[in-house]
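Descriptive analysis of the structure
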Amino acid sequence: NNPVTSIKLVLLGEVAVGKSSIVLRFVSNDFAENKEPTIGAAFLTQRVNINEHTIKFEIWDTAGQERFASLAPMYYRNAQAALVVYDVTKPQSFIKARHWVKELHEQASKDIIIALVGNKIDMLDEDPTERKVAREEGEKLAQEENLLFFETSAKTGANVNEVFLKIGENVPLK
Ligand code: GTP
Ligand code: MG
């Protein structure tokens, strides 16, 4: 029997950037074209084996709608890891991501591991002019704020597992 380490992880980001879709891809390897907006928050778990260790992700998927914004601190307060998600085709969602990173640094646990995630990169395959947030912008913010950085597609699955595996490698095992 492998030792099991639990990691409390929260997802934050503007409405419709694909937070729930990233979780659905990671937990069920599935995608829904018309995913309904999250109400309040959703809780899901997923286990992953890394070397001889089992990591159990305890995932709080928060709602991006403004009317739920006041709930967020409840979910990030005890989190050991956070995914701050934006949509690479929506500049406003990157501005919102900056705000979340700032808030986490001010309010969350001092040793929280934060991954900045630019989602929906599949949309650039069809039409590269859809990209509105340069990869370099994401990289720069990540470097300045000491974040992990990924560009993902919940639709194709590109890089989704990698985000969680990297977090698993970076959270100190007890
Ligand atoms: P809230 O719960 O309202 O905060 O939204 P959310 O961030 O959880 O977004 P959600 O996962 O519900 O996705 C919103 C819409 O974007 C849905 O129609 C998804 O199918 C779509 N979507 C999510 N991820 C991707 C992706 O990687 N590529 C594409 N093309 N569409 C995506
Ligand atoms: Mg959602």
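Residues numbered from 1 in each chain as written. Chains lettered and ligands numbered in written order. Predicted model: local features only at pLDDT ≥ 70, side-chain atom pairs only at ≥ 80, totals over all residues. Heavy atoms only, no water.

If you look the protein up in an unreviewed UniProt entry, it shows as Vacuolar protein sorting-associated protein 21 from Huiozyma naganishii.

Near ligand 1 you find 24 residues, and of these Lys19, Ser21, Ala32, Gly64 and Asp122 are the closest. Ser20 has a polar backbone atom sitting 2.9 Å from an oxygen atom of ligand 1. Between ligand 1 and Ser21 there is a distance of 2.6 Å, counted from an oxygen atom to a side-chain nitrogen or oxygen. For ligand 1, whose unbound accessible area comes to 660 Å², protein coverage reaches 91%. Here the element with the most residues in the shell around ligand 1 is helix 1 (residues 19-28); it accounts for three residues. (Near = heavy atom within 4 Å. Polar contact = N/O pair within 3.5 Å; in protein donor to acceptor, adjacent residues only side chain to side chain. Areas by Shrake-Rupley, 256 points an atom, 1.4 Å probe, with all protein chains shown as cover. Helix = DSSP H or I, 4+ residues; strand = E, 2+ residues; numbered from the N terminus.)

Its location among the elements puts Asp61 in strand 3 (residues 53-62). It turns out Asp61 is buried and unbridged, and the closest side chain with the opposite charge, Lys19, is 5.7 Å from it. Here Asp61 is in contact with Leu11, Lys19, Ser20, Val23, Thr38, Ala41 and Ala42, once residues within four sequence places are set aside. (Buried < 20%, exposed > 50% of the residue type's maximum accessible area, 1.4 Å probe, protein only. Lys, Arg positive; Asp, Glu negative; His and termini not counted. Salt bridge = Lys/Arg side-chain N within 4 Å of Asp/Glu carboxyl O. Contact = heavy atoms within 4.5 Å.)

So, about the coordination of the magnesium ion (ligand 2). Listed as protein donors to the magnesium ion (ligand 2) are Ser20 (OG) and Thr38 (OG1); their distances from the metal cover 2.0 to 2.1 Å. With a gap of 18 residues between them, Ser20 in helix 1 and Thr38 in the loop between helix 1 and strand 2 (41-50) connect regions that are remote in the sequence. A residue is classified by how much of its surface remains accessible, and Ser20, at 13% relative accessible area, is buried. (Donors = N, O, S within 2.8 Å, 3.2 Å for Na, K, Ca; no water.)

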